[in-house]
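# Observations on chain architecture
Spelled out, the chains give:
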Amino acid sequence: MALQTLSPGAESTLVIAPMLIVLVAAVGTLLLGTRPRARAGVSLAGGAAYLVAVAAIDWYVVLAPDAPGAATYQVGGLPAPFGITLVADGLSAFMLTMVGVIGVASLVFSIRVLPELDRRSYYFPLFHFLALGVTGAFLTGDLFNLFVWFEVMLMVSYIFVAYYGGPQHTRAAFWYVALNLLASAVFLLGVGGIYATTGTLNMADLARRLAAPAAYGIDPGPVVGLLGLLLSVFAIKAGLVPFQFWIPTAYRAAPPPITALLAGATKKVGIYAIIRLSFTVFADAQIGVDLAIPAVGTILAGDSPLAFIGAVLFVMGTASILVGGLGAVGRDSLEGVLAYSSIGQVGFIAVPVAIAATTTVPDVRHIAIVAALVYALNHALAKGMLFLAVGAVRTATGTSRLADLGGLASRSPPLAGAFFIGSLALVGIPPLSGFFGKFLVFDAAAQAGSMSVLVLLLAGSLLTIAYVTRAWNRSFWGQRTPAVDDAVTDPVQVAVLLALAVTIVAVGIGFEPIYRFADAAATAALDTDGYIDAVDPNQTVSGADGGNVDAGAGAGEGGGGGETGMGTEPETEPGTGTINTSNGGDTP
Amino acid sequence: MSAFVLALVVGALFALGTFLLLRRDLIRVVWGLAIVSQAANVYLLAMGGIELGGFETVPILAGHGEGVPETTDPVVQALVLTAIVIGFGMTAFALVLSYRVYEEHDTLDASELGDRE
């Protein structure tokens, strides 16, 4: 274990390493064409390298005793806020680790479940491009760049949902594509509006300007509505009610390992974006307008838009818990149960985020974010593993309909054991990872002093027990059906499931370091000054002074087009691209 | 004046796109998606300010000092280029997907595709 510190600059390179690794793996598998073994090998090597890179970020940037807490990479060497900045802080690292674990498990699983499908198509390159989109979304510090990574992620998921779905799912795939294309247009509206309002797309710069709007001469009022637009886009990705309707059909259409990744990783991108924008970027915003709805009262008083976000998220989250839980109880296939379950579970993640947004007590806000992150981790592991287990059941029996299953526990005890542990983790039985997730969410609600939230959470937990028990009883206990009698499980798939089951138990038993990591992630999410300082060390919120330090570099981009038409002497200094600000602009 | 016309155009494009999105014919839906994304692009372009301006009207120049030449906003143009390329790819994909719907179901009418989940 190398514990010595890295040389200066190495952390910066480390930030972009995960992206480069998945990109190389994607292109490599693409070039290997029709050699499935070589493809699988390159894929696995890419997955392993990804895990190593993410672990290195975890240690050197976040967890080491003298870690800086955040590292940045300025793409193309352009300084923030004019270039695209990649930022790896505690929150990003936590999310990357989560995706790395479930991603590699699903990759190993894929190698056994889709051999002939891959020969006809580009499963592994697409898999890596999906991972690239997710990784980029977690690392980027630029709002428009976030849009681009969303599109990378979505484009691949369209193909997975549409291509692998078969005729009966083409309609679902079409509506999935249509919905997300519409969401992309809405995302652009939000991004464009925020740019016009604040004059920047860099998240750190955005946070700085919104915290001191007067110093920058901007009127941040419209930002609340624009943030609402973005929130709806992220809610679509996360599958929160009322944007949950695409989830059941899309999850059924995609192949099981991809569904595991959709539930475990791309959903979390929506959650991550909500947390990042609400807390790191918009928490200190001085909006300076009051919003009031007749008959409802004041929904936003004074400064921060967080109260507004919190109220909306709270409604969405509780509705998700109820809709997902009630929906899951009545489904007739394992995928259906799990898809509705993941609507409900995302509600359990959204509610603590809402608590964090509405509370004014810093400690409660902190613990609520920790709760959301730990719950997200548990959901990624448990739900990802359960979707993979459904894949294993389908490989073994050819079906996942509850009516055609029964007695699987006696046919394949290891598979049943893995499913059982995943189910218990969803319910939140100690000492599994789910226990701490649920415990922290309840703790945050109790500390916020909200009785109604506690009751709703409790109702959601009872629903979880109900649908998990039902799925277990119907498919793993009882009389063996003919499909189960002929079942032959794949040993590698079962091994992946058992490894994930061990991970879930290990996270629960050795929870202390996980908690420390989530704690660091929550600290990073709430530390706006630290984020700004990492991206652009020259200026922080407290030191806002009009931003004249970088004026020349910014004008240099536009100067090339403007100067020829204006007949002035070229203002761009050779080689540096900066403008001499003393004589520009005034010349007629 | 031109700002008013531009706002009208963006509004009309969104209205037309929304109307087409709600049709049953999948090709019209794809048209609707294309028009909505183009409307978003026009809107995005307008967000940089639609006249030559200095630091007080071009968003990226605001707050970065006063000594800059009159120019249109370069940032939104770069953004729109990216958005156009992405929109082009997505529209092409949606068209291919609607062709596949036609191949598999012999219809492009959304209401005849059945309700199989």
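What you are looking at is a predicted structure, and each value in this text was computed from that prediction instead of being measured.

Quick look at the overall build of chain B now. Helix and strand counts for chain B stand at 3 helices and 0 strands. Across the 117 residues that make up chain B, the buried fraction comes to 42%. Considering only residue pairs separated by 6 or more positions, chain B has 52% of its internal contacts joining residues 24 or more positions apart.

For chain A, the helix and strand inventory stands at 24 helices and 4 strands. Within chain A, the fraction of its 588 residues that count as buried is 61%. For chain A, restricting intrachain contacts to residue pairs at least 6 apart in sequence, the fraction spanning at least 24 positions comes to 76%.

Once that is clear, we can look at unusual backbone geometry. Residues and elements named next belong to chain A. Backbone torsion omega between V241 and P242 reads 5°, so that peptide bond is classified as cis. Within the secondary structure, P242 is located in the loop between α10 (223-238) and α11 (246-253). For the peptide bond that leads from P430 to P431, omega is 5°, which places it in the cis range. With respect to the helices and strands, the residue P431 is situated in the loop between α17 (413-427) and α18 (433-447).

A few words on the pairing of strand β2 (residues 85-89) of chain A. Counting buried positions along β2 of chain A yields 5 of 5 residues, so the element is predominantly enclosed. Of the two faces of β2 of chain A, the one lined by T85, V87 and D89 of chain A and the one lined by L86 and A88 of chain A are each fully buried.

This brings us to the UniProt feature "transmembrane region" (unreviewed entry) in chain B. On the UniProt side, "transmembrane region" (unreviewed entry) is annotated at positions that read residues 6-22, 29-55 and 75-97 of chain B here. With 100% helix and 0% strand, residues 75-97 of chain B has its two end C-alpha atoms placed 33 Å apart.

Position of I84 of chain A relative to the elements: it lies in the loop between β1 (70-74) and β2. I84 of chain A sits 10 residues away from Q74 of chain A along the chain, and the two C-alpha atoms are 6.2 Å apart.

To continue, consider the packing of helix α6 (residues 143-163) of chain A against helix α7 (residues 170-198) of chain A. Residues and elements named next belong to chain A. Where α6 contacts α7, the two axes come as close as 10 Å, and the packing angle between them is 175°. When the axes of α6 and α7 are compared, the pair comes out roughly antiparallel. The residues of α7 that touch α6, namely those facing L143, F144, F147, F150, E151, L154, Y158, V161 and A162, are T170, A173, Y176, V177, N180, S184, F187, L188, V191 and I194. Per-class residue counts for the contact of α6 with α7 are 15 nonpolar, 3 polar and 1 charged.

To continue, consider the pairing of β1 of chain A. Residue and element names in this part refer to chain A. Among the 5 residues in β1, 4 count as buried, and that is most of the element. Summarising the sheet, β1 and β2 pair through 5 bridges and their orientation is antiparallel. Bridging across to β2, A70 finds its partner in D89.

A separate point is α18 of chain A. Residues and elements named next belong to chain A. With 15 residues, α18 extends 21 Å between its outermost C-alpha atoms, agreeing within 8% with the 21 Å of an ideal straight helix rising 1.5 Å per residue. Taken residue by residue, α18 has S433, G434, F436, G437, K438, L440, V441, A444 and A445 as its buried positions. For α18, the elements touching its buried residues are α14 (334-358), α15 (362-397), α17, α19 (451-476), α21 (491-509) and α22 (511-526).

Residue and element names in this part refer to chain A. The geometry of α11 relative to α14 is characterised by a closest axis approach of 9 Å and an angle of 135° between their N-to-C directions. By the angle between their directions, the pair α11 and α14 is classed as oblique. Between α11 and α14 lies a crossing of right-handed hand. Residues I247, P248, Y251 and R252 of α11 form the contact with α14, whose own contacting residues are E335, G336, A339, Y340, S342 and I343.

Another aspect to go through is α17 of chain A. One turn of an α-helix holds 3.6 residues; hence residues three or four places apart share an orientation. Residue and element names in this part refer to chain A. A rise of 1.5 Å per residue sets the reference length of α17, with its 15 residues, at 21 Å; its end C-alpha atoms lie 21 Å apart and thus fit the reference within 8%. Of all the 15 residues making up α17, 11 are buried; the element is thus mostly covered by neighbouring parts of the structure. The set of residues buried in α17 consists of L415, A416, A418, F419, I421, G422, S423, L424, A425, L426 and V427. Of the surrounding elements, those touching the buried residues of α17 are α14, α15, α16 (408-411), α18, α19 and α21. Following α17 by one or two positions, G428 has its phi on the positive side, about 100°.

Moving on to the nonpolar core. Residue and element names in this part refer to chain A. Core analysis: the largest hydrophobic core is formed by 247 residues, its most contacted members being L373, M385, A389 and L497. Among the elements that line this core, the one with the most residues is α15, at 24 residues. Ignoring anything within four residues of it in the chain, the contact list for M385 reads A418, G422, L497, L500, A501 and I504.

On average, residues of chain B carry a pLDDT of 84, and 83% of them reach 70 or more. What the predictor reports for the complex is a pTM of 0.87 with an ipTM of 0.90.

Residues and elements named next belong to chain A. Averaged over all residues, the pLDDT of chain A equals 83, while 86% of them reach at least 70. The least confident element of chain A is helix α24 (residues 551-566), whose mean pLDDT is 36; the most confident is helix α5 (residues 123-139), at 93. In this model residues 540-588 is a low-confidence stretch, pLDDT under 50, and it forms 93 contacts with partners more than four residues away in sequence or in other chains.

Another aspect to go through is the environment of V329 of chain A. Residue and element names in this part refer to chain A. Tracing the backbone through its elements, the reader meets V329 in helix α13 (residues 306-329). Along the backbone, V329 and V361 are 32 residues apart, and their C-alpha atoms lie at a distance of 37 Å. When sequence neighbours within four positions are dropped, the list of residues in contact with V329 reads L463, A466, Y467 and R470.

All names here are of chain A. Among the secondary structure elements, W59 is positioned in helix α2 (residues 36-63). Using a count of 17 C-beta atoms within 10 Å as the deciding quantity, one classes W59 as partly exposed. Placed 10 residues apart in sequence, W59 and G69 show a C-alpha to C-alpha distance of 9.9 Å.

Conventions we followed
- Residues numbered from 1 in each chain as written.
- Chains lettered and ligands numbered in written order.
- Predicted model: local features only at pLDDT ≥ 70, side-chain atom pairs only at ≥ 80, totals over all residues.
- Helix = DSSP H or I, 4+ residues; strand = E, 2+ residues; numbered from the N terminus.
- Buried ≥ 20, exposed ≤ 12 C-beta atoms within 10 Å, placed from the backbone.
- Contact = placed C-beta atoms within 7 Å.
- UniProt positions renumbered as here; feature names shortened; annotations may be inferred.
- Axes fitted to C-alpha atoms, helices over the stretch in contact; angles between N-to-C directions.
- Parallel < 35°, antiparallel > 145°, perpendicular 65-115°, else oblique.
- Nonpolar A, V, L, I, M, F, W, Y, C, P; charged D, E, K, R; others polar.
- Pairing = 2+ DSSP bridges.
- Expected span 1.5 Å × (residues − 1).
- Left-handed = near helix turned anticlockwise from the far one by under 90°.
- Core = buried A, V, L, I, M, F, W, Y, C linked by C-beta atoms within 7 Å.
- pLDDT = per-residue confidence, 0-100.

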